[in-house]
Amino acid sequence: MPVARRHRGKAVLLLAVLAIAYMLMSSNSSDKGDESAAALRRRADKGGDSNSSSESAGDSDAVKSFRAPEPQLIDNKALGSPGPERLIFIGDIHGSVNEFNKLLETVNFKQGSDQIILVGDLVAKGPDSLGVVNKARSIGAWGTRGNHDDRVIRWRQFLDGPGKGLSEDEIQSLEDSGGLPYDDFKISKGHYDIAANMPTCDYLYLADFPAIITLPSPYDQWVVVHGGLDPSKAISQQSAEDVMTVRNIGPDGPTSETDVGDAWFDLWAEQIGPLGGLSASSLMEDMSSSTVISKVVSASSSEGDGPEASGDPESSNRKRQVANSTSLDEKQFKKIIYGHDASRALQIHDITKGLDSRCVYGGQLTAFILPGEELVQVDCPNYDGDDVATSDNRRRRRDRMVLRAKELQARRRARRRSPPPRPVPKERLANARRRRVEI
């Protein structure tokens, strides 16, 4: 019994020592956790880590207020002498590198003899955006900047600037709190990963894509863009953002929505097609009397109004970009090659050629070849997992539901604001009862 009592005492002592050690360790790890959380908050506030990279990253104001430079508006390409045998324009690839390679084989592309021109959106949605950009650079392809290309480029410029040194978790925290510089900066969309992992040489190549490509003779009537052009503006006065995103022209000007106003290419054809080509300056004069989009013209060209009159820096930047190309406004551009409009799919008209044939949604990847205006296509699997038409229908249903909810809410507010019905005097009620009794 005494021996057992001694062992029991030792066991109690050992348990007490272990408990004290556990409490000390828990307190220490809690302190470290608090320090780590505080460091994370400091890094998020500074836009970088707590060392030297945080100093270069700047504070939260620099992160939120960051704005990437706009793309070059116009690149007036030269074909050299002798020029290429063929110009091969290719629609939105969206990371579909296998289909890109297959299309190059199908058109029998010969580097040095043919010139590839991409209409934008090389990246996003598909399986290998980095492979597409690398392939395009390796074959010397020209291209216009698409809206998805632009988002990747802005992400990369942010990560090389005020976002330098931030971890993905910290950027996610900034996204959740609304601290990122652009509303379309969403880590879950994939543009962040593409930007963070793109080799510098490929990033610089993609960032050099302009919003508009013009071509020399014998193709000097052709213009290449990603989204479209605003028919009410001279080419040097186009907005790079509109050129990348426009689908329709509404009462307030260019919009990416397809259910507002009219398709920009229909308006372009109405104004230019019957006349066989117009210079941009005479186009604006002709459109001033047009009833089709007179609202757009009056809003954009009224005297003393608009960004130029107010000294808007964005307008000044566009002017500098085309300072040596203002003569382009007098050229007779007529035919436009573009992409971007997957909801309408392939659009081949007399003077406009829409090459987004929904490759990433299980459609085709399309090449348009000059001279000869030949079309070549290869089939694509559905990489996005949801047909664009289905997505558009879902968005329209959601918009209709939101509109209906707003209308109901407005009616309820109107009912609350309307005065209550006046009470009926007791005398009138008594007289009415007497009349009913007499009858």
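Residues numbered from 1 in each chain as written. Predicted model: local features only at pLDDT ≥ 70, side-chain atom pairs only at ≥ 80, totals over all residues. Heavy atoms only, no water.

### Concerning the overall build of the protein
Right, so step 1: The secondary structure content of the protein amounts to 16 helices and 14 strands.
Right, so step 2: The buried share of the protein, taken over its 439 residues, is 42%.
Right, so step 3: A separation threshold of at least 6 residues defines the contact pool for the protein, and within that pool the share at least 24 residues apart is 69%.
Right, so step 4: Accessible surface, the protein: about 23400 Å² in total, of which carbon and sulfur atoms supply 50%. (Helix = DSSP H or I, 4+ residues; strand = E, 2+ residues; numbered from the N terminus. Buried < 20%, exposed > 50% of the residue type's maximum accessible area, 1.4 Å probe, protein only. Contact = heavy atoms within 4.5 Å. Areas by Shrake-Rupley, 256 points an atom, 1.4 Å probe, with all protein chains shown as cover.)

### Looking at the pairing of strand β3 (residues 114-118)
Looking down a regular strand, the side chains alternate between one sheet face and the other.
Right, so step 1: Counting buried residues along β3, 5 of its 5 residues qualify, which places the element largely inside the surrounding structure.
Right, so step 2: Burial along β3 is two-sided: Asp114, Ile116 and Leu118 and Gln115 and Ile117, pointing in opposite directions, are all buried.
Right, so step 3: Here 5 bridges tie strand β2 (residues 86-90) to β3, and the two strands are oriented parallel to one another. Paired with Ile90 across the bridge in β3 is Leu118.
Right, so step 4: Assessed by its sense of winding, the connection that carries the chain from β2 through helix α4 (residues 97-106) to β3 is right-handed.
Right, so step 5: Here β3 pairs with strand β4 (residues 142-143) via 2 bridges, running parallel. When the bridges of β4 are listed, Ile117 appears paired with Trp142.
Right, so step 6: In this fold, the crossover linking β3 to β4 by way of helix α5 (residues 129-138) has right-handed handedness. (Pairing = 2+ DSSP bridges. Right-handed = clockwise from strand over helix to strand, strands pointing away.)

### Thoughts on a nonpolar patch on the surface
Right, so step 1: Together, Leu14, Leu15 and Leu18 line one region of the surface with nonpolar side chains, adding up to about 320 Å² of accessible area.
Right, so step 2: Positionally, Leu18 belongs in helix α1 (residues 2-46). (Patch = residues over 30% accessible without salt bridge, like charges linked within 9 Å, V, L, I, M, F, W, Y side chains within 5 Å. Salt bridge = Lys/Arg side-chain N within 4 Å of Asp/Glu carboxyl O.)

### A short note on the packing of aromatic side chains
Centre-to-centre distance and the angle between the planes together describe a pair of aromatic rings.
Right, so step 1: Per the counting criterion, the structure on display carries 12 aromatic pairs.
Right, so step 2: Each ring, one from Trp155 and one from Phe158, has its centre 6.1 Å from the other, and the planes form 70°; the classification is edge-to-face. With Trp155 and Phe158 both in helix α6 (residues 147-160), this residue pair falls 3 residues apart, about one helical turn. Phe158 matches Trp155 in its accessibility class, with the two residues each being buried.
Right, so step 3: Plain terms: the ring middles of Tyr205 and Phe209 are 5.0 Å apart, the flat faces sit at 75° to each other, and that makes the pair edge-to-face. Accessibility classification places Tyr205 together with Phe209 in one group, the buried group.
Right, so step 4: Members of the aromatic cluster, joined through ring pairs, are Phe66, Trp155, Phe158, Tyr182, Phe185 and Tyr192.
Right, so step 5: Over the aromatic face of Tyr182 sits the side chain of Arg67, whose NZ or CZ is 4.8 Å from the ring centroid.
Right, so step 6: Sitting over the face of the ring of Tyr182, Arg154 holds its NZ or CZ atom 4.5 Å from the ring centroid. (Phe/Tyr/Trp six-rings, centres within 6.5 Å; stacked < 30°, edge-to-face > 60°. Lys NZ or Arg CZ within 6 Å of the ring centre and 35° of its normal.)

### Details of the sheet that holds β2
Right, so step 1: Strand order in the open sheet formed by 5 strands is β4-β3-β2-β13-β14, and the pairing between neighbours is mixed. Each end of this open sheet is capped by a strand with a single partner; those strands are β4 and β14 (374-379).
Right, so step 2: Bridge analysis of β2 against strand β13 (residues 364-370) gives 4 bridges, and the strand direction is antiparallel. Paired with Phe89 across the two strands is Phe368, which belongs to β13.
Right, so step 3: Here α4 sits on the sheet in contact with β2, β3, β13 and β14, set at roughly 140° to β14. (Axes fitted to C-alpha atoms, helices over the stretch in contact; angles between N-to-C directions.)

### A closer look at the packing of α5 against helix α9 (residues 200-207)
Right, so step 1: Between α5 and α9, the shortest axis-to-axis distance is 10 Å and the interhelical angle comes to 75°. Relative to α9, the element α5 is oriented roughly perpendicular. Along its contact with α5, which presents Leu130, Val133, Asn134, Ala136 and Arg137, the element α9 presents Cys201, Asp202, Tyr205 and Leu206.
Right, so step 2: Here the contact of α5 with α9 is built from residues that sort into 6 nonpolar, 1 polar and 2 charged. (Parallel < 35°, antiparallel > 145°, perpendicular 65-115°, else oblique. Nonpolar A, V, L, I, M, F, W, Y, C, P; charged D, E, K, R; others polar.)

### Remarks on the side chain of Asp75
Right, so step 1: Inspection of the secondary structure assignment puts Asp75 in strand β1 (residues 74-76).
Right, so step 2: Asp75 gets classed as buried once you look at its relative accessible area, which sits at 19%.
Right, so step 3: Side-chain polar atoms of Asp75 contact the side chain of Lys77, separated by 2.9 Å.
Right, so step 4: The contact partners of Asp75, leaving out residues within four places of it in the chain, are Pro210, Ile212, Ile213 and Thr214. (Polar contact = N/O pair within 3.5 Å; in protein donor to acceptor, adjacent residues only side chain to side chain.)

### Regarding the pattern of salt bridges
Right, so step 1: Per the counting criterion, the structure on display carries 12 salt bridges.
Right, so step 2: The residue Asp202 makes a salt bridge to Arg137 at a minimum N-O spacing of 2.5 Å. One end of the pair, Asp202, is in helix α9; the other, Arg137, is in helix α5, with 65 residues separating them in the sequence.
Right, so step 3: Each of Arg145, Asp150, Arg151, Arg154 and Asp184 takes part in one network of salt bridges that share partners.

### A few points about the sheet that holds strand β5 (residues 212-214)
Right, so step 1: Taken in spatial order, the 6 strands of this open sheet run β1-β5-β6-β10-β12-β11, and their pairing is mixed. A strand with exactly one partner marks an edge of an open sheet, and here the two such strands are β1 and β11 (347-348).
Right, so step 2: Direction of pairing for β11 relative to strand β12 (residues 352-354): antiparallel, over a ladder of 2 bridges. When the bridges of β12 are listed, Ile348 appears paired with Lys353.
Right, so step 3: Against the sheet, helix α11 (residues 264-272) makes contact with β10 (335-338), β11 and β12, and its axis sits at roughly 170° relative to β10, the strand it touches most.

### Remarks on helix α7 (residues 168-176)
Right, so step 1: Of the positions making up α7, those classed as buried are Glu170, Ile171 and Leu174. The buried residues of α7 occupy one face: seen down the axis, they fall within an arc of 100°. The exposed set on the far side of α7, more than 90 degrees from its buried face, consists of Asp169 and Asp176.
Right, so step 2: Of the residues trailing α7, Gly178 is marked for its positive phi of about 75°. (Arc of directions from axis to C-beta.)

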